[in-house]
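Analysis of the macromolecular model
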Amino acid sequence: MTSADLLLHPVRLRIVQAMMGRAELTTKDLAARMPDVAPATLYRHVGTLVDGGVLEVVSERRVRGSTERSLRLREERASVDPDSLANDDDALRAGFLAYLASLAAMLDDYVAGPHGSLHDDLVSFRQLAVHATDEEWLGVLHGIRAAIEPLATRTDAPEGARRRVLATVSLPVD
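Now for a description of the structure that goes with this document. By convention here, each chain's residues receive numbers from 1 onward along its written sequence. Where local features are concerned, this predicted model is filtered to residues with pLDDT of at least 70; where side-chain atom pairs are given and counted, the filter is 80 or more; whole-chain, interface and lining totals use all residues. Only hydrogens and water are removed before side-chain values are computed, so all heavy atoms of the structure are retained for them.

**Quick look at the overall build of the protein chain**
In terms of regular secondary structure, the protein chain is built from six helices and three strands. By the criteria applied, helices consist of DSSP H or I runs no shorter than four residues and strands consist of E runs no shorter than two, each listed in order from the N terminus. For the protein chain, the α and β elements follow one another from N to C terminus as α-α-β-α-α-β-β-α-α. Based on the C-alpha atoms only, the size of the protein chain along its principal axes is roughly 60 × 40 × 30 Å. Counting the 174 residues in the protein chain, one finds 24% classified as buried. A contact between two residues is defined here by any heavy atoms of the two lying within 4.5 Å. Intrachain contacts of the protein chain at a sequence separation of at least 6 include 56% that bridge at least 24 residues. In this tally, Asp and Glu contribute negative charge and Lys and Arg positive charge; neither His nor the terminal groups of the chain are included. Lysine's charge is taken at NZ, arginine's at CZ, aspartate's at CG and glutamate's at CD. Averaged over its 20 positive side-chain charges, the protein chain has a centre that lies 10 Å from the centre of its 26 negative ones. Here the term buried applies to any residue with accessible area under 20% of the maximum for its type, exposed to any over 50%, and partly exposed to those in between, with areas from a 1.4 Å probe on protein chains only.

**Digging into the pairing of strand β3 (residues 66-73)**
Where strand β1 (residues 25-26) and β3 come together, two bridges link them in antiparallel fashion. Bridge pairing in β3 links T26 to S70. Sheet topology note: the strand β2 (residues 55-63)/β3 ladder contains eight bridges and is antiparallel. From the neighbouring strand, E60 faces β3, where its bridge partner is R69. Two strands form a pair only when DSSP identifies at least two bridges running between them. Connecting β2 to the next strand, β3, in antiparallel fashion are two residues, including R64 with a positive phi near 50°.

**Things to note about the nonpolar core**
Definition used in this section: a nonpolar core is a set of buried Ala, Val, Leu, Ile, Met, Phe, Trp, Tyr and Cys residues joined via side-chain atoms within 4.5 Å. Grouped together as the largest cluster of nonpolar side chains are 20 residues, with contacts concentrated most on I15, M19, L30, V46, L49, V54 and L55. With five residues, helix α2 (residues 10-19) is the largest single contributor of residues to this core. Once residues lying within four places of it in the same chain are set aside, the contact partners of V46 are I15, T27, L30, L55, R69 and L71.

Rendered as structure tokens:
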């Protein structure tokens, strides 16, 4: 199974996104975060991600006759190899739609839960067109990564820190 096949399935993508920025979660924790996904479906997709090396089991414990696994996301395995989509336009479109659907699900979760104003919660979505050479754009992308990395890799967030998702799409358009 290619990284695209593994990660761009709508349920598996949501599982990966739920795991991002968290030290570990149990499958029960995931089920609570994704109540619209049937438990058997969730467990099957978690197993696929474990088998694919995207999730790793960090511990197991017996709970009422079954085994509860604590899982960790292997960040280095949680991205699609661009070459796996290079010559498959249909897979690229399907993957992009899965990505958009997962963002819509995050917004639905936000709207359904208790929240302040969009301004107070720093919620935004914008588009901005720029003119840049490939080298200039690579510099921008590396700069964004360098600015975000200290927040993405820290293990002990200060009080008041909230888990946030920054989603980007970068593509040339005529």
